[in-house]
Amino acid sequence: MGCKLSLDEALLQLSSWELTKDGREAVFKEFKFTDFKSAFSFMTSIALKSEETGHHPEWFNVYNKVKITLTTHDVNGLSEKDITLGKFIDNQYEK
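Residues numbered from 1 in each chain as written. Predicted model: local features only at pLDDT ≥ 70, side-chain atom pairs only at ≥ 80, totals over all residues. Heavy atoms only, no water.

A few words on the overall build of the chain. Summing up its helical and strand segments, the chain has three helices and six strands in all. If you list the helices and strands of the chain from N to C, you get β-α-β-β-α-β-β-β-α. Its C-alpha atoms give the chain a radius of gyration of 13 Å, within 12% of the compact-globule value 12 Å for 95 residues. Along the longest, intermediate and shortest principal axes, the C-alpha atoms of the chain span 35 × 30 × 20 Å. (Helix = DSSP H or I, 4+ residues; strand = E, 2+ residues; numbered from the N terminus. Rg over C-alpha atoms; globule rule 2.2 N^0.38 Å.)

Put into structure tokens, the structure is as follows:
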């Protein structure tokens, strides 16, 4: 379990992530790819890292678009786990 972070603190550390609009303390980001294969490859790299760290995103995929939401259910908000995974996700997208 991680320590809960303030929303401001989390947003400062995650570039271009936004607060969800559903009332939860969670952030999301949408990613667009050239095709489904690229989107699925991106999701696979995140799935492997998530299993390794024991922290899993919420996500939604349609063809070449992937929307990812990060929150830590144990703390009912954002934690360092979300920052770490969010930065990993951003790095994978930039590849």
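From this point, the discussion proceeds with the structure in view.
A separate point is helix 2 (residues 36-53). When the terminal C-alpha atoms of helix 2 are compared, their 26 Å separation across 18 residues agrees well with the 26 Å that a helix rising 1.5 Å per residue should span. What helix 2 keeps buried is the set A39, F42, M43, S45, I46 and S50. Buried residues of helix 2, seen end-on, are gathered within an arc of 155° and therefore sit on one face of the element. Helix 2 presents K37, L48, E51 and E52 as exposed residues on the side facing more than 90 degrees away from its buried surface. N-capping of helix 2 is provided by D35, with a side-chain oxygen placed 3.4 Å from the backbone N of K37. Downstream of helix 2 by one or two residues, G54 has phi in the positive range, about 75°. (Expected span 1.5 Å × (residues − 1). Buried < 20%, exposed > 50% of the residue type's maximum accessible area, 1.4 Å probe, protein only. Arc of directions from axis to C-beta. Polar contact = N/O pair within 3.5 Å; in protein donor to acceptor, adjacent residues only side chain to side chain.)

This part takes up the sheet that holds strand 4 (residues 58-62). Ordered in space as 2-3-5-4, the four strands form an open sheet in which the pairing is antiparallel. The outermost strands of the open sheet, each flanked by one partner alone, are strand 2 (18-19) and strand 4. With five bridges joining them, strand 4 and strand 5 (residues 65-70) adopt antiparallel strand pairing. Paired with W59 across the two strands is I68, which belongs to strand 5. Contacts from helix 2 reach strand 3 (27-32), strand 4 and strand 5, with the element oriented near 165° to strand 4. (Pairing = 2+ DSSP bridges. Contact = heavy atoms within 4.5 Å. Axes fitted to C-alpha atoms, helices over the stretch in contact; angles between N-to-C directions.)

By the secondary structure assignment, S45 is in helix 2. Here S45 falls in the buried class, since its relative accessible area comes to 18%. A distance of 3.3 Å separates polar atoms of two side chains, one belonging to S45 and the other to Q92. Ignoring anything within four residues of it in the chain, the contact list for S45 reads F88 and Q92.

That is the geometry; function is a separate question.
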